Amino acid sequence: MGIDNTSDIQTQSSPNEPARVNPWAPVQFYTNTQTQRGPRMTDLPTGGNILLTQVNRLIDWGRSSSLWPATFGLACCAIEMMSASASRWDISRFGAEVFRASPRQADLMIVAGRLSVKMAPVLRQIYDQMPDPKWVLSMGACASCGGVFNNYAIIQGVDKIVPVDVFVPGCPPTPDMLLHGINLLQEKIRKHIPNPPDPLAITGVKYLGSED
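Conventions we followed
Residues numbered from 1 in each chain as written. Predicted model: local features only at pLDDT ≥ 70, side-chain atom pairs only at ≥ 80, totals over all residues. Heavy atoms only, no water. Buried < 20%, exposed > 50% of the residue type's maximum accessible area, 1.4 Å probe, protein only. Helix = DSSP H or I, 4+ residues; strand = E, 2+ residues; numbered from the N terminus. Pairing = 2+ DSSP bridges. Right-handed = clockwise from strand over helix to strand, strands pointing away. Salt bridge = Lys/Arg side-chain N within 4 Å of Asp/Glu carboxyl O. Core = buried A, V, L, I, M, F, W, Y, C linked by side-chain atoms within 4.5 Å. Contact = heavy atoms within 4.5 Å. Arc of directions from axis to C-beta. Axes fitted to C-alpha atoms, helices over the stretch in contact; angles between N-to-C directions.

Let's shift gears to the pairing of strand E3 (residues 135-139). Taken across its 5 residues, E3 has 5 buried, putting it largely inside the fold. Neither face of E3 is left uncovered, since the one carrying Trp135, Leu137 and Met139 and the one carrying Val136 and Ser138 both have all their residues buried. Bridge count between strand E2 (residues 108-112) and E3: 5 bridges; the pairing is parallel. Counted as the bridge partner of methionine 109 is valine 136 from E3. With respect to chirality, the unit in which E2 leads through helix H3 (residues 120-129) into the neighbouring parallel E3 is right-handed. Taken together, the 3 bridges between E3 and strand E4 (residues 166-168) define a ladder with parallel strand orientation. Residue pairing in the sheet places leucine 137 in a bridge with valine 166 of E4.

Structure, rendered in structure tokens:
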């Protein structure tokens, strides 16, 4: 039958096959139809542990796979952002579950909700405190274009304050839409697409909100 139960350390299925010294190797080397199984791949083939790539591609891959969002919720879209980190959608599958309370430890700002004129200087200050490279994701219609709040108190688009890399539509957008936006941002990072121009750096002014 090709079975040797005399030892758990050394087994031999045929006289021509060398003795196996692996204690975890199976004792039976023949199937029920007496067809001999193929040999196991115990060693890697020559050159199998060589990876050729570029340094910038490797760095971009690491950055896209370890996004650390800043804890920054403004309105009802923040509830959907928090739901994306729950077990049902599990944002940790994409390496973006480490929400940081300090902007100096974050590289992604998710603007979730409407941005008022009085809150705009705070958002800009948090953005300036984030280390480079950094990215911004505008979540929802209110953050992207003001939404239904077309009045003097709401900024009509956060791209007037900070450079936005990805816009996620919806009122409010569902968690899977946020995950899709993060996937688009990861693709952008891997392709080494630069950030959009800073709206305040072009004008050379410092935004102070209602005090300006």
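The next point concerns the pattern of salt bridges. Within the structure shown, the criterion is met by 5 salt bridges. The salt bridge involving aspartate 132 is made with lysine 134; its shortest N-O contact spans 4.0 Å. We note a salt bridge from lysine 191 to glutamate 187, for which the minimum N-O separation is 3.0 Å. Take lysine 191: its relative accessible area is 54%, and that puts it in the exposed class. For glutamate 187, a relative accessible area of 37% corresponds to the partly exposed category. Each member of the salt-bridge network shares a partner with another, and the members are Arg124, Asp128 and Asp198.

This brings us to the nonpolar core. If you look at the biggest cluster of nonpolar residues, it comprises 20 residues, and the most contacted ones within it are Leu67, Leu137, Met139 and Leu178. Secondary structure elements with two or more residues in this core: helix H2 (77-84), E2, E3, E4 and helix H5 (175-190). For this core, the element with the highest residue contribution is H5, accounting for 5 residues. In contact with leucine 137, other than residues within four places in its own chain, are Leu108, Met109, Ile110, Val111, Val166, Val168, Leu178, Gly181 and Ile182.

In this section: H3. Each turn of an α-helix holds 3.6 residues, which means side chains three or four residues apart point in the same direction. Turning to H3, its buried residues are Ala120, Leu123, Arg124, Ile126 and Tyr127. In an axial view of H3, the angular spread of the buried residues amounts to 160°, which keeps them on one side of the axis.

To continue, consider the sheet that holds E4. With respect to topology, 4 strands assemble into an open sheet ordered E1-E2-E3-E4, the strand pairing being parallel. Looking along the sheet, the strands with just one partner apiece sit at the ends: strand E1 (69-70) and E4. Sheet strands touched by H2: E2 and E3. Its angle to E2, the strand with the most contacts, is close to 130°.

Within the span of H2, buried status applies to Cys77, Ala78, Met81 and Ala84. Buried residues of H2 fall within an arc of 110° about the axis and therefore sit on the same side. Elements in contact with the buried residues of H2: E2, E3 and H5.

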